[in-house]
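Architecture at a glance
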Amino acid sequence: MNKRSGGLGRGLEAIFNSNPKGEESVSTALVADLRPNPYQPRRVFDDEKIEELSSSIREHGIIQPLIVRASVRGYEVVAGERRLRAAKLAGLDEVPVVVRDFTDRQMNEIALIENLQREDLNPIEVAEAYQSLMEKFDLKQDVLAKKVGQSRSHVANMLRLLNLPSEIREHVSRGTLSMGHARALLGLTDKKQQIALAEKAIDEELSVRQVEHLVNRLQTMAQRETKKVAKPNPILKQYEEEFRTRLGTGVKIVQGKKRGKIEIDYFSTEDLERILSLLQDS
């Protein structure tokens, strides 16, 4: 088991094992009484794989029970929505279940971690799930990172994808653009340029490296089109580097005739709070 899945596995195991052993008995529930996890982060299900699972269920039945929690009307599926979909396709009236008492937070965490373990989510679904967990349960990036077995920088980079235009996010969801392409496009601040370059990358089947090269060219052209400024002051460049090291993000000092300004890059509200905390501590 790799480091990534190991961390996720421990997170999921910790949530599941928080339930008393008395709730481990397997029972059955009518398919009609089961509803999907309302916190399910996955939006796209592979019909072909569901059909394959359905064929297996017709022949062997459901080997692993679904994990559910009781609701006002029947049950909500905590883990096993693919099995539920396949069971419906196979024509089953009832399925084996284990009923447990989970909180909304645990439902949300389990749905995310279970899908991440199987690598079933596309990058946009992962980013949206991260954002959902942080907003609904007031989680900080470092806390969320521990829960999903990832580094804080990974979580921050995934959340940055949500800054892309909806057209590009849709391409990433469908797989017509990769995570690498999306991250390269984040180097552009002009949304129209991002979309145009994304379409070019798809039409011409450009590699990530080719897209990065084009992004660099566009950035250079944009810099040339801006008004000319005085030759960079080496002292200011040193200060910029010190700021970058201290704040862990991009910093630019713009010098004017009588006064200047400091531009600090941030990628989310969480990142802005982190930078503010560093400034307050200094």
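These lines cover the structure that appears in this document, whether it is placed above or below. Just so it is clear, the model here is predicted, and its values are computed rather than measured. (Residues numbered from 1 in each chain as written. Predicted model: local features only at pLDDT ≥ 70, side-chain atom pairs only at ≥ 80, totals over all residues. Heavy atoms only, no water.)

1. Overview of the pairing of strand β4 (residues 75–79)
Summarising burial for β4: four of the five residues are buried, a large majority. Where strand β2 (residues 34–35) meets β4, two bridges bridge the pair, whose relative direction is parallel. Bridge assignment links arginine 35 to a residue of β4, and that residue is glutamate 76. Sheet analysis places strand β3 (residues 66–70) next to β4, joined by four bridges and oriented antiparallel. Bridge pairing in β4 links valine 68 to valine 77. As consecutive antiparallel partners, β3 and β4 are separated by four residues, and within that stretch glycine 74 has a phi angle of approximately 80°, a positive value. (Buried < 20%, exposed > 50% of the residue type's maximum accessible area, 1.4 Å probe, protein only. Helix = DSSP H or I, 4+ residues; strand = E, 2+ residues; numbered from the N terminus. Pairing = 2+ DSSP bridges.)

2. With respect to the sheet that holds strand β1 (residues 26–30)
Across the sheet, five strands lie side by side as β1-β5-β3-β4-β2; this open sheet has mixed pairing. Of all the strands in the sheet, the pair left with one neighbour each is β1 and β2. Note that β1 and strand β5 (residues 94–99) share five bridges and pair antiparallel. Note that in β5 the partner of valine 26 across the bridge is valine 98. Packing against the sheet, helix α3 (residues 81–90) makes contact with β2, β3, β4 and β5, and its axis sits at approximately 120° to β4. (Contact = heavy atoms within 4.5 Å. Axes fitted to C-alpha atoms, helices over the stretch in contact; angles between N-to-C directions.)

3. Looking at the environment of leucine 278
Tracing the backbone shows leucine 278 in helix α13 (residues 269–281). For the pair formed by leucine 278 and glycine 248, sequence separation is 30 residues and the distance between their alpha carbons is 9.8 Å. Sequence-distant contacts of leucine 278, that is, excluding residues within four places in its chain, are made with Arg246 and Leu247.

4. Points about the pattern of salt bridges
For the coordinates displayed, the defined rule picks out 13 salt bridges. Across the pair glutamate 81 and arginine 85 runs a salt bridge, and its minimum N-O distance is 3.2 Å. With glutamate 81 and arginine 85 both in helix α3 and four residues apart, the pair spans about one turn of that helix. Taking the relative accessible area as the measure of exposure, glutamate 81 reaches 7% and is therefore buried. Take arginine 85: its relative accessible area is 37%, and that puts it in the partly exposed class. (Salt bridge = Lys/Arg side-chain N within 4 Å of Asp/Glu carboxyl O.)

5. What to know about a nonpolar patch on the surface
A grouping of Ile262, Ile264 and Leu279 is seen on the molecular surface, where their side chains present a nonpolar patch of about 230 Å² in accessible area. By the element assignment, isoleucine 262 lies in strand β7 (residues 260–264). (Patch = residues over 30% accessible without salt bridge, like charges linked within 9 Å, V, L, I, M, F, W, Y side chains within 5 Å. Areas by Shrake-Rupley, 256 points an atom, 1.4 Å probe, with all protein chains shown as cover.)

6. Considering the nonpolar core
By size, the foremost hydrophobic cluster in this structure holds 35 residues, and its most contacted members are Tyr130, Leu144, Leu185 and Val211. Looking at this core, the element that brings in the most residues is helix α5 (residues 123–137), giving eight residues. (Core = buried A, V, L, I, M, F, W, Y, C linked by side-chain atoms within 4.5 Å.)

7. What to know about helix α11 (residues 208–225)
Over its 18 residues, α11 runs 26 Å from end to end, which matches the ideal 26 Å to within 8%, given 1.5 Å per residue. Among all positions of α11, only Val211, Leu214 and Val215 are buried. Looking straight down α11, one finds that the buried residues subtend no more than 105° of arc, so they occupy a single side. Among the exposed residues of α11, those pointing more than 90 degrees away from its buried face are Arg209, Gln223 and Arg224. Residues of α11 that are buried in the fold lie against α9 (179–185) and α10 (191–203). (Expected span 1.5 Å × (residues − 1). Arc of directions from axis to C-beta.)

8. Focus: the pairing of β7
Of the pairings in the sheet, the one linking strand β6 (residues 251–255) to β7 comprises five bridges and is antiparallel in character. For valine 251, the partnering residue across the bridge sits in β7 and is isoleucine 264. Hairpin connection of β6 to β7: four residues between the antiparallel strands.

9. Here we look at the packing of helix α8 (residues 166–174) against α10
In contact at an axis separation of 9 Å, α8 and α10 are set at 30° when each is read in the N-to-C sense. Of the possible angle classes, the one that applies to α8 and α10 is roughly parallel. For the crossing formed where α8 meets α10, the hand is left-handed. Seen from α8, the contacting residues are Glu167, Ile168 and His171; seen from α10, they are Gln194, Ile195, Ala198, Glu199 and Ile202. Class assignment for the residues of the contact of α8 with α10 results in four nonpolar, two polar and two charged. (Parallel < 35°, antiparallel > 145°, perpendicular 65-115°, else oblique. Left-handed = near helix turned anticlockwise from the far one by under 90°. Nonpolar A, V, L, I, M, F, W, Y, C, P; charged D, E, K, R; others polar.)

Honestly, that's just the spatial picture; any functional story needs more than this.
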